[in-house]
Amino acid sequence: MAGNILISNLSFKYPSMIHPLFENITVNIDENWKLGLLGRNGRGKTSFFKILLGDLDYDGNVQSSLIFKYFPIFPAPDNHLTAEEVLLQKNPMVERWELEMELSYMDLPAEVLDRDFYVLSGGEQTKILLVELFLNEGAFPLIDEPTNNLDVHGRKVVGDYLNRKKGFIVVSHDQHFLNQFVDHTMAINKESIDVVKGDIDTWAYEKKNADELAEEKNQKLHHEINRLETVSKRVGTWGQMRENSSKDAAERRLAAKQMKRSKAIKKRTEEKIVEKQALIHNVETVEALKMRVDQPHKQVLLLRDFSILQNGRCLFEPVNIDVYPSERLFITGKNGAGKTTLLNFILGNGQFEVTGDYQIRLPDKISLLQQQNQLDEDHASILQQLTAEEKQSYLHLLRQLGSKRSSFADRSSDHWSSGEQKKVFLANALLGNHSLFVWDEVTNYLDMMVIDQLIAAINKYKPTMIGVDHNEHFVSSAATKTLELIKKRNR
Ligand SMILES: Nc1ncnc2c1ncn2[C@@H]1O[C@H](COP(=O)(O)OP(=O)(O)OP(=O)(O)O)[C@@H](O)[C@H]1O
């Protein structure tokens, strides 16, 4: 079928891996689908794209006449290209009015076209690169985690933009974002790949039903295995007892016969046990996370008509907020509104000019989760700083978050997926007792199961938290209050 992607018996493994990433996968993807690609961190979503792009050697067949294009590919910074030049590099025939129209769908003013690409905010760069992807009509876009630089509004705009297009695959862990446009969902599971017609909610509903059915079958199988194991034990002792208690030769012969029969029954029973064990379906579950919380004794934060000044002007419209023990405040607002700056002010990182009143009482034990690009730590340096006992808890937390020790112990962190790297910082932030959790861009790169693990833990342990996040599902489920920062317009 021309135009479609036909994948049969695909198997793939990086040389340093023990278990294959993909084993005997067969799946067909239609060129007109708006396909959402899901999977836990490290399951191989980016690697799947690399296979389609022809960047990795695999076994099996991948047949397609489509020309795949990957997002994000950033222009070389040294060339100082304007946004317009970035857009026209591969699409020289496109006219300025067409560019302006596409930009308007992305809620970007035309003047952005004339700016140097690298002076644009992360969200603006994402939008320009996505527009560039779709200008090339002959190409089939493979879009890898577009939301990381996008605030809630940006996610809505890009979701609407993608809804106008068709024929692409998007990897994202933000179900709310994906539900705006996908018409098919493909999930890379532990042992299989599912494709479902419908959005993420449809997939989640079908998966829940399938898991419940599998769980029911598993329970029956476990019951049957227990029964067979009892039979096997009983049969084993039965012939033995008879042989030991036999006195004369005739009885011993009979006992030997009995013994032979019982051995045959035992063997058959054990074969049946192995058969039943193979039928047990591997239903993926997550362990509940523990947060160790020592609530602060007093109010942590008070802001009244408060704003941070930059060059004498308010960065955001003045705000009023209180944070009391066990409250979870999430700061929202568009990119560039000053969310991370406000967090830094609260933490006392740096010198700030401010307006309005404030009171900040920081407790001693603060758990910090910073944006990935602000960190110079990694798994190895974290391990070095921990005591033997903390090391055990840290590794246990990583395992609970879905990173198996075997998947990261011997591999250079250069090759870790973005989610695997993020979990290192999350596990570190969960280590030990804390009175306040200051977590910035919590859900970026994290898979949906971890996001739900965090929501459950936050609701159970009710930590005092000041956070920033753009995932609507996470914020609406974890926050007890939100504070929207609105960038102050300069008149
Ligand atoms: N060059 C490489 N050599 C060895 N292992 C690699 C290499 N590249 C990736 N991996 C490993 O392969 C697995 C799949 O990586 P990939 O980036 O495809 O995952 P992903 O599903 O995109 O994850 P995420 O959701 O975190 O972005 C991960 O365990 C990763 O550490």
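Bear in mind the structure is a predicted one, so any value in this text is a computation, not a measurement. Per-chain numbering applies: the sequence of each chain, read as written, is numbered from 1 onward. Reporting in this predicted model follows two pLDDT cut-offs: at least 70 for local features of residues, and 80 or more for side-chain atom pairs to be given and counted; totals over whole chains, interfaces and linings ignore these cut-offs and use all residues. Note that water and hydrogens are dropped before the side-chain values are worked out from all heavy atoms of the structure.

1. Quick notes on the overall build of the protein chain
Working definition: helices are DSSP H or I runs of at least four residues, strands are E runs of at least two. Numbering for both runs from the N terminus. When helices and strands are counted, the protein chain shows 15 helices and 20 strands. In terms of its C-alpha atoms, the protein chain occupies a principal-axis envelope of roughly 110 × 65 × 40 Å. Each residue is assigned to one of three classes by its accessible area relative to the maximum for its type, calculated with a 1.4 Å probe on protein chains only: buried under 20%, partly exposed between the two thresholds, exposed over 50%. Relative to its full complement of 491 residues, the protein chain shows a buried share of 46%. Pairs of residues are marked as contacts when any of their non-hydrogen atoms sit within 4.5 Å. For the protein chain, contacts bridging at least 24 residues in sequence account for 71% of all contacts bridging at least 6. For the protein chain, the computed accessible surface area is about 25,700 Å², with 48% contributed by carbon and sulfur atoms. Positive charge is attributed to Lys and Arg, negative charge to Asp and Glu, and no charge count is given to His or to the chain ends. Charged side chains are reduced to one point each, which is NZ for Lys, CZ for Arg, CG for Asp and CD for Glu. Of the side chains in the protein chain, 62 bear a positive and 68 a negative charge, and the two mean positions are spaced by 11 Å. In this description, accessible areas are obtained by the Shrake-Rupley approach with a 1.4 Å probe, and a residue is regarded as covered only by the protein chains that are shown.

2. What about the layout of surface pockets?
Computed over the protein atoms alone on a 1 Å grid, cavities are sets of points where a 1.4 Å probe fits but cannot get out and pockets are open sets with protein on both sides within 12 Å along at least five of seven lines; a residue lines them when it has an atom within 4 Å of a point. Grid points are joined across faces, edges and corners, and a volume is the space filled by probe spheres set on the points. Considered as a void within the structure, the second largest pocket measures approximately 690 Å³ in volume. What lines the second largest pocket is a set of 27 residues, and nearest its centre among them are Glu124, Lys334, Asn335, Lys487 and Arg489. Broken down by secondary-structure element, the contributors of at least two residues to the lining of the second largest pocket are helix H4 (122–135), helix H5 (152–164) and strand S20 (481–485). If you tally residues by element for the lining of the second largest pocket, the top one is H4, at three residues. Of the residues belonging to the lining of the second largest pocket, the class tally is nine nonpolar, seven polar and 11 charged. Domains are outlined according to an automatic or database domain assignment. Looking at the lining of the second largest pocket, you find at least three residues from each of domain 1 (5–190) and domain 3 (292–485). In this classification, the charged set is Asp, Glu, Lys and Arg, the nonpolar set is Ala, Val, Leu, Ile, Met, Phe, Trp, Tyr, Cys and Pro, and all remaining amino acids, among them Gly, are polar.

3. Some remarks on the pattern of salt bridges
Salt bridges are defined by distance alone: a side-chain nitrogen of Lys or Arg within 4 Å of a carboxyl oxygen of Asp or Glu. Taken as a whole, this structure holds 20 salt bridges when the rule is applied. Of the charged contacts, one joins Lys69 and Glu132 as a salt bridge, the two residues approaching to 3.4 Å between their closest N and O atoms. Within this pair, whereas Lys69 is found in strand S5 (residues 67–71), its partner Glu132 is found in helix H4, the two being separated by 63 residues in sequence. Take Lys69 and Glu132: they sit in the same class, and that class is buried.

4. Focus: the pairing of strand S13 (residues 319–323)
When you tally the buried positions in S13, you get four out of five residues, the bulk of the element. Of the pairings in the sheet, the one linking strand S11 (residues 301–310) to S13 comprises four bridges and is antiparallel in character. Residue pairing across strands places Leu303 opposite Ile321, the latter belonging to S13. DSSP calls a pair of strands paired once it identifies at least 2 bridges connecting them.

5. What about the nonpolar core?
Core analysis: the biggest nonpolar cluster contains 39 residues, and Ile128, Ile143, Leu162 and Leu178 have the highest contact counts within it. Considering every element that reaches this core, the biggest residue donor is H4, with seven residues. Non-local contacts of Ile143, meaning those with residues more than four positions away in its chain, are made with Phe49, Phe71, Leu130, Leu133, Phe134, Leu162, Phe168, Ile169, Val170 and Val171. Nonpolar cores are built from buried Ala, Val, Leu, Ile, Met, Phe, Trp, Tyr and Cys residues. Side-chain atoms within 4.5 Å join them into one set. Counting 33 residues, the second-largest nonpolar core is a separate cluster that includes Tyr394, Leu397, Val450 and Phe474.

6. Thoughts on the packing of aromatic side chains
The geometry of an aromatic ring pair is captured by the separation of the ring centres together with the interplanar angle, meaning the angle of the planes. The rule is short: rings of Phe, Tyr and Trp, with Trp giving its six-membered ring, pair when the centres are within 6.5 Å, and they are stacked under 30 degrees, edge-to-face over 60, tilted in between. A complete count under the given rule lists 16 aromatic pairs for this structure. A ring pair is formed by Phe68 and Phe140, whose centres lie 5.8 Å apart and whose planes are at 85 degrees; its orientation type is edge-to-face. Residue Phe68 is located in strand S5, and its partner Phe140 is located in strand S6 (residues 139–144); the two are separated by 72 residues in the primary sequence. Each member of the pair, Phe68 together with Phe140, is buried. Their ring planes at 75 degrees and their centres at 5.2 Å tell us that Phe177 and Phe181 sit as a pair that is edge-to-face. Owing to a relative accessible area of 1%, Phe177 belongs among the buried residues under this scheme.

7. Concerning the side chain of His470
Tracing the chain through its elements places His470 in the loop between strand S19 (465–468) and helix H15 (472–478). Setting aside anything within four residues of it in sequence, one finds His470 in contact with Leu150, Asp151, Val152, Arg155, Asp174, Gly333, Asn335, Lys339 and Glu441.

8. Remarks on the domain arrangement of the protein chain
Each domain of the protein chain was delimited in the assignment, giving domain 1 (5–190), domain 2 (206–279) and domain 3 (292–485). Taking only C-alpha atoms, the centre of domain 1 and the centre of domain 2 are 54 Å apart.

9. Re the UniProt feature "domain: ABC transporter" (unreviewed entry) in the protein chain
UniProt positions are given in the numbering used here, feature names are shortened, and annotations may be inferred rather than shown by experiment. Residues annotated by UniProt as "domain: ABC transporter" (unreviewed entry) correspond here to residues 5–215. Secondary structure within residues 5–215 divides into 34% helix and 25% strand; the distance between the first and last C-alpha atoms comes to 33 Å.

10. Topic: the packing of helix H11 (residues 388–400) against helix H13 (residues 418–430)
Packing of H11 against H13 brings their axes to within 9 Å, and their N-to-C directions diverge by 130 degrees. The angle between the axes of H11 and H13 places the two elements in the oblique class. Along this stretch, H11 crosses H13, giving a crossing that reads as right-handed. Only Lys423, Val424, Ala427, Asn428 and Leu430 of H13 make contact with H11, whose side of the interface consists of Tyr394, Leu397 and Leu398. Looking at the contact of H11 with H13, its residues break down into six nonpolar, one polar and one charged. Angles shown run from 0 to 180 degrees and are taken between the N-to-C directions of axes, each axis being a line fitted to C-alpha atoms and, for helices, limited to the stretch in contact. For classification purposes, an angle smaller than 35 degrees is called roughly parallel, one larger than 145 roughly antiparallel, one from 65 to 115 roughly perpendicular, and anything else oblique. The crossing is said to be left-handed when, going from far helix to near helix, the turn is anticlockwise and less than a right angle, and right-handed when the turn is clockwise.

11. Re the side chain of Lys69
The exposure class assigned to Lys69 is buried, which follows from its relative accessible area of 14%. Apart from residues lying up to four places away in sequence, Lys69 is in contact with Leu53, Glu132, Leu133, Asn136, Ala139, Phe140, Pro141 and Leu142.

12. Brief notes about the environment of His434
When you line up the elements, His434 lands in strand S17 (residues 433–434). Apart from residues lying up to four places away in sequence, His434 is in contact with Arg292, Val293, Asp294, Lys365, Ile366, Ser367 and Ala429.

13. Details of the sheet that holds S5
With respect to topology, six strands assemble into an open sheet ordered S5-S6-S7-S3-S8-S9, the strand pairing being mixed. Of all strands in the sheet, those bounded by a partner on one side alone are S5 and strand S9 (193–197). Taking the axes of each pair of neighbouring strands and ignoring which way they run, one obtains an average angle of 20 degrees across the sheet.

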